[in-house]
Amino acid sequence: MDTTTFDKTKTKIDGPMHASLRHDSAHKHVTGTAEYIDDIPEPDGLIHGALGMADRAHAEIVSMDLSEVEAMPGVIWVMTGKDVPGENDVSSGGRHDEPLLAEKLVEFHGQPIFAVFAETRDIARKAARKAKITYKDLPHWSDIDGALENGEPLVTPGMVLQRGEAKIEMDVAPRRLTGTMRIGGQEHFYLESHIAMAVPGEDDEVTVWSSTQHPSEIQHIVSHILQVPSNAVTVQVRRMGGGFGGKETQGNQFAALCAIAAKKLNRAVKIRPDRDEDMTATGKRHDFRVDYELGFDEEGRIHAVDATYAARCGFSSDLSGPVTDRALFHADSSYFYPHVHLASKPLKTHTVSNTAFRGFGGPQGMVGGERFIEEIAYAVGKDPLEIRKLNFYGEQGSNRTLTPYHQEVEDNVIARIVDELEASADYQARRQAIIEFNKTSPVIRKGIALTPVKFGISFTMTAFNQAGALVHIYNDGSIHLNHGGTEMGQGLYTKVAQVVADAFQVDVGRVKITATTTGKVPNTSATAASSGSDLNGMAAYDAARQIRERLIKFAAENWNVSEEDVVFLPNRVRIGQEEIGFNDFIKKAYFARVQLSAAGFYKTPKIHWDRAAGRGTPFYYFAYGASCSEVSIDTLTGEYMMERTDILHDVGKSLNPAIDIGQVEGAFVQGMGWLTTEELWWDAKGRLRTHAPSTYKIPLASDRPKIFNVKLAEWSENAEPTIGRSKAVGEPPFMLAISVLEALSMAIASVADYKVCPRLDAPATPERVLMAVERLKKV
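Notes on the structure follow. (Residues numbered from 1 in each chain as written. Predicted model: local features only at pLDDT ≥ 70, side-chain atom pairs only at ≥ 80, totals over all residues. Heavy atoms only, no water.)

## Comments concerning the overall build of the protein
Basically, it comes down to this: In this description a helix means any DSSP run of H or I spanning at least four residues, a strand means any run of E spanning at least two, and both kinds are numbered starting from the N terminus. Both definitions apply: the radius of gyration is a C-alpha atom measure, and the globule rule equals 2.2 Å times residues to the power 0.38. Relative accessible area decides the class of each residue, using a 1.4 Å probe on protein chains only: under 20% of the type maximum gives buried, over 50% gives exposed, and in between gives partly exposed. Throughout, a contact is declared for two residues whenever any of their heavy atoms are within 4.5 Å.
Each helix and strand in the protein was counted, giving 19 helices and 29 strands. At 27 Å, the protein has a C-alpha radius of gyration in line with the 28 Å of a compact globule built from 779 residues. With the C-alpha coordinates aligned to their principal axes, the bounding extent of the protein is approximately 85 × 75 × 50 Å. Scored against the burial criterion, the 779 residues of the protein give a buried share of 63%. In the protein, the share of contacts with a sequence separation of at least 24, taken over all contacts with a separation of at least 6, comes to 80%.

## Section: the sheet that holds strand β23 (residues 578-581)
As a general point, the strands of a sheet are linked pairwise by backbone hydrogen bonds and lie either parallel or antiparallel. The test is simple: Two strands qualify as a pair provided DSSP detects at least 2 bridges between them. All axes here are fitted lines through C-alpha atoms, helices being fitted over the stretch that makes contact, and every angle between N-to-C directions spans 0 to 180 degrees.
Read across the open sheet, the 3 strands follow the order β21-β22-β23; overall the sheet is antiparallel. The two strands at the open ends of the sheet, each matched to only one other strand, are β21 (566-569) and β23. The sheet shows a mean angle of 25° between the axes of neighbouring strands, taken without regard to direction. Where β21 and strand β22 (residues 572-575) come together, 4 bridges link them in antiparallel fashion. Across the sheet, the residue bridging to Leu569 is Arg572, located in β22. Taken strand by strand, helix α15 (residues 532-559) contacts β21, β22 and β23, and its axis lies near 125° from that of β21. The strands touched by helix α16 (residues 582-591) within the sheet are β21, β22 and β23, with β23 carrying the most contacts at an inclination of about 90°.

## Section: helix α19 (residues 766-777)
Cut-off, in case you're wondering: A helix is expected to reach a length of 1.5 Å times the quantity of its residues less one. Note that the arc is computed from the directions linking the helix axis to the C-beta atoms.
In this model, α19 (12 residues) spans 16 Å end to end at C-alpha, consistent with the 16 Å of a helix rising 1.5 Å per residue. Residues of α19 that are buried include every one of Val769, Ala772, Val773 and Leu776, and no others. One side of α19 holds all its buried residues, which, seen down the axis, span an arc of 100°. Away from its buried face, by an angle of more than 90 degrees, α19 presents the exposed residues Glu767 and Met771. On the buried face of α19, the contacting elements are β27 (621-634), β28 (640-649) and α18 (738-749).

## Some words on empty space enclosed by the protein
To be explicit about the condition: Buriedness for pockets is judged along seven lines, at least five of which must meet protein on both sides within 12 Å for an open set on the 1 Å grid over protein atoms alone, while cavities are sets there where a 1.4 Å probe fits but cannot get out, and lining residues have an atom within 4 Å of a point. Grid points are joined across faces, edges and corners, and a volume is the space filled by probe spheres set on the points. Gly counts as polar in this scheme, as do all residues outside two lists: the nonpolar Ala, Val, Leu, Ile, Met, Phe, Trp, Tyr, Cys and Pro, and the charged Asp, Glu, Lys and Arg.
Counted according to the given criterion, the structure contains 6 cavities of 30 Å³ or more. Quantified by volume, the largest cavity comes out at close to 140 Å³. Taken together, 15 residues line the largest cavity, and the ones lying closest to its centre are Glu98, Pro99, Gln253, Ala281 and Phe315. Here the lining of the largest cavity is composed, by residue class, of 8 nonpolar, 6 polar and 1 charged. Taken as a whole, the second largest cavity spans an internal volume of roughly 60 Å³.

## Structural notes on the layout of surface pockets
Considering only enclosed or pocket space, the second largest pocket measures out at about 1100 Å³ in volume. Where the lining of the second largest pocket is concerned, the elements lending two or more residues are α6 (215-226) and α9 (320-329). Considered class by class, the residues forming the lining of the second largest pocket number 14 nonpolar, 21 polar and 9 charged.

## Some remarks on the nonpolar core
Keep this limit in mind: To define a nonpolar core, start from buried Ala, Val, Leu, Ile, Met, Phe, Trp, Tyr and Cys residues and group those joined through side-chain atoms within 4.5 Å.
Counting residues in each nonpolar core, the largest one holds 158 residues, and the members touching the most others are Val305, Phe372, Ile473, Phe504, Leu551, Phe585 and Phe668. A per-element tally of this core places α15 first, with 12 residues. Ignoring anything within four residues of it in the chain, the contact list for Ile473 reads Ser478, Ile479, Phe504, Ile547, Leu551, Phe582, Ile586 and Leu596. Counting residues in hydrophobic clusters, the runner-up holds 38 residues, among them Leu101, Leu226, Val233 and Ala256.

## A closer look at the packing of aromatic side chains
Selection criterion: Note on ring pairs: Phe, Tyr and Trp rings are taken, using the six-membered ring of Trp, and paired if centres are within 6.5 Å. Classes follow the plane angle, with under 30 degrees stacked, over 60 edge-to-face and the rest tilted. Either the NZ atom of lysine or the CZ atom of arginine qualifies as a charge over a ring when it sits within 6 Å of the ring centre and within 35 degrees of the ring normal.
On inspection of all chains with the given rule, the structure shows 24 aromatic pairs. The interplanar angle of 5° and the centroid separation of 5.8 Å between the aromatic rings of Tyr335 and Phe392 together place this pair among those described as stacked. With Tyr335 in the loop between α9 and β15 (339-348) and Phe392 in the loop between α11 (384-391) and α12 (414-424), this pair connects stretches of sequence that are 57 residues apart. Take Tyr335: its relative accessible area is 0%, and that puts it in the buried class. The class for Phe392 is buried, based on a relative accessible area of 7%. These aromatic residues form a ring-pair network of at least three members: Phe329, Tyr405, Trp609, Phe619 and Phe622. Across the ring face of Phe189, the terminal group of Arg275 is positioned such that the distance to the ring centre comes to 4.6 Å. Geometry around Trp674 places Arg285 over its ring, the cationic atom sitting 5.0 Å from the centre.

## Overview of the pattern of salt bridges
Which entries qualify depends on this criterion: One side-chain nitrogen of Lys or Arg within 4 Å of one carboxyl oxygen of Asp or Glu is enough to make a salt bridge.
Counted by the stated rule, this structure contains 55 salt bridges. Here Glu107 makes a salt bridge to Lys348, at a shortest N to O gap of 2.8 Å. Taken as a pair, Glu107 in the loop between β4 (105-106) and β5 (112-118) and Lys348 in strand β15 lie far apart in primary sequence, 241 residues in all. Taking the shortest distance from any N to any O, the salt bridge between Asp306 and Lys167 comes out at 2.9 Å. Of the two residues, Asp306 sits in strand β14 (residues 302-314) while Lys167 sits in helix α5 (residues 166-172), which places them 139 residues apart along the sequence. Judged by relative accessible area, Asp306 falls into the buried class, the value being 15%. Overlapping salt bridges, with partners in common, bring together Asp38, Glu42, Lys270 and Arg272 in one network.

## A word on the sheet that holds strand β8 (residues 175-183)
Strand order across the open sheet formed by 5 strands is β7-β15-β14-β13-β8, with mixed pairing between neighbours. Each end of this open sheet is capped by a strand with a single partner; those strands are β7 (160-163) and β8. Strand-to-strand, the axes of this sheet are offset by a mean angle of 10°, without reference to chain direction. The pairing of strand β13 (residues 288-296) with β14 spans 9 bridges and is classified as antiparallel. Its bridge partner being in β14, Arg289 is matched across the sheet by Ala310.

## Some details on the environment of Leu161
Summarising the element assignment, Leu161 is placed in strand β7. Accessibility expressed as a relative area gives 0% for Leu161, which makes it buried. Along the chain, Leu161 and Ala612 lie 451 residues apart, while their C-alpha atoms are 9.5 Å from each other. Setting aside residues up to four positions removed in sequence, Leu161 forms contacts with Leu328, Phe329, Val340, His341, Leu342, Pro404, Tyr405, Trp609 and Gly614.

## A few points about the side chain of Gln490
For clarity, the cut-off: Between N or O atoms, a polar contact is any pair within 3.5 Å; within protein, one atom must be a potential hydrogen donor and the other a potential acceptor, and residues adjacent in sequence are included only when both atoms are from side chains.
Tracing the backbone through its elements, the reader meets Gln490 in the loop between β18 (479-483) and α14 (492-504). For Gln490, the side chain forms a polar contact with the main-chain oxygen of Thr486, separated by 3.1 Å. What Gln490 contacts, discounting residues up to four positions off in sequence, is His23, Thr527, Ile659 and Gln663.

## Here we look at the pairing of β22
From the end of β21 to the start of β22, which pair antiparallel, there are 2 residues, and Asn571 there has a positive phi angle of about 60°. Pairing analysis gives 4 bridges linking β22 to β23, with the strands arranged antiparallel. Note that in β23 the partner of Arg574 across the bridge is Glu579. Count of turn residues in the β22/β23 antiparallel hairpin: 2 residues, of which Gly576 carries a positive phi of about 65°.

This is the structure:
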């Protein structure tokens, strides 16, 4: 780097905030040079681990003979629950209900009972199959209905949100109806499966490489498992090959097993389950059953809503409490309910413990809310979009802004977004043309729907809304950036680097992005809840601000000018009438003993939440969006095609429009998969049978809409002082895919001349679409 010259004519840095900049690792992703944990050169003497998994859904372990496992050549150690140095527990919520290795009781098919550590991965996996275990089978149920029929056991207490007098108003509403909707779960299907590697250090130290969204939780779990303080455990994460929430808590068991074996055997240890094991032993998106009663008038205006959201949570609590809470938070979708009563039931089932997934319960809540609208629309014989508009939250100052959890909806832009998309997508003309087409088409039927998104941003656990960052400027002018956020392909590292580059007015290439590590930034929150850029961007800005203020003070004192006369320009600094290159300026500051390092910190303001009362302000702000989708279905087979989708999405003042558009596109397709092709299925013995790409169908590139128009609401700017006035983009666009389910529903409804709500459950597989068509033919 040239430390003496700079371009005085340059008016803009490369890669500032709000610029479309490619992902920092994009070229590495496509060339295969991006380093993931399994690409790290293996330490000498590395041992490989594999899981020994239960083949019962619910049973007592009567006896366990592992002699053949231990006798297999190449096996070094076989670990069971009694070998755990600390408490045999890797639960996330502190409920102590998730053993690392089951000892006496098996609660789901595929639950880890022991672990094998051997010279090679192949030996470890083959040895794990040689165990002889005797069980005493116990009654089991694997779905919501089974739990409801067996006493409604809960993994954690449910929650109630209420405002007004829902039951009273229901009785006096001009019209009312009841219904049930089933909403399926979803496998994360990250390209990189779970993986962890632990290297023992001296004394009580251990370093863990983990594919995790929550390095601090891995640190916490490992320290408790090993009975050592957190300062003895260092967790490293450079990047993940996808996460989507599946790596928020589910990496705990793999990291803990590696760490225990590494310290016991004093050798490096790695565990990488194959896809079948990963899908069997790790949690998924919660599936829900929504039972609802609606009161409304002849116009379609909602008077009262009473709904219960029951969820399949699996055998332990994991994150089911906050997931089912967030489902209730989003049961209103974009609509004002004058009188409302909402309840959650986080049900225990004998299946793997379900966990976080993009949207974190919000999509399930919102799908239920959109079903309410659809039911009313068919009941009163109107276009569902008309009913949506009629029930939108009002502008600030109206009497229609209070949510079921008593937070005011401020800065409500949903009506504008929907109106703009309705016009740009030519919704009205296309809908009329589709209705005419369906009148004359005996086999192929079409549908179109325009649905809104309103998604609350913040962790509902207030303490998680904090972040730290570390910024160093070295005396050659290069910048080192580290923060608590993790990179799973979403572009977080790039965005935060742009923040730092912008703060110092230097090209983004000068900012070195470094791996997330608990050794640099402590006590970090998971990269989740769409908060990565909000939290870590502000923390990094705070660190840069501290250094910048020191540099301004140094320049003012040494050049004898006022602080207002010190201005950072592209790759240089103007001090009074003099301009000096950034590198030379930093060198002078170093020799003047100016501190060129700072730890930044940020905590989200304004938020508070009282779960017991069901009141508060759990969200800092809302992100909005809308999508319009058109589909064609074959009424003889149930097969369908995505003809076109138009999206207008609100990200505030985008930190990086190119990355944000990619996030919107990807989220929509992933949401489309959840609502159409991705179906989880357990058999009568509680075995997950959709445990590989051969049986579990994620969307292909060919499944995307034939015409796919995605735009950001460029006029939007966050009313709250977020980083660059941007808004979160990770989770909100996932719910845009609800328009696909609604469009399929309209196509099916045409079979009965739109007189009956099809009540299409999700996922709307071709089989489910065909059954709905056949059902409506009989109406």
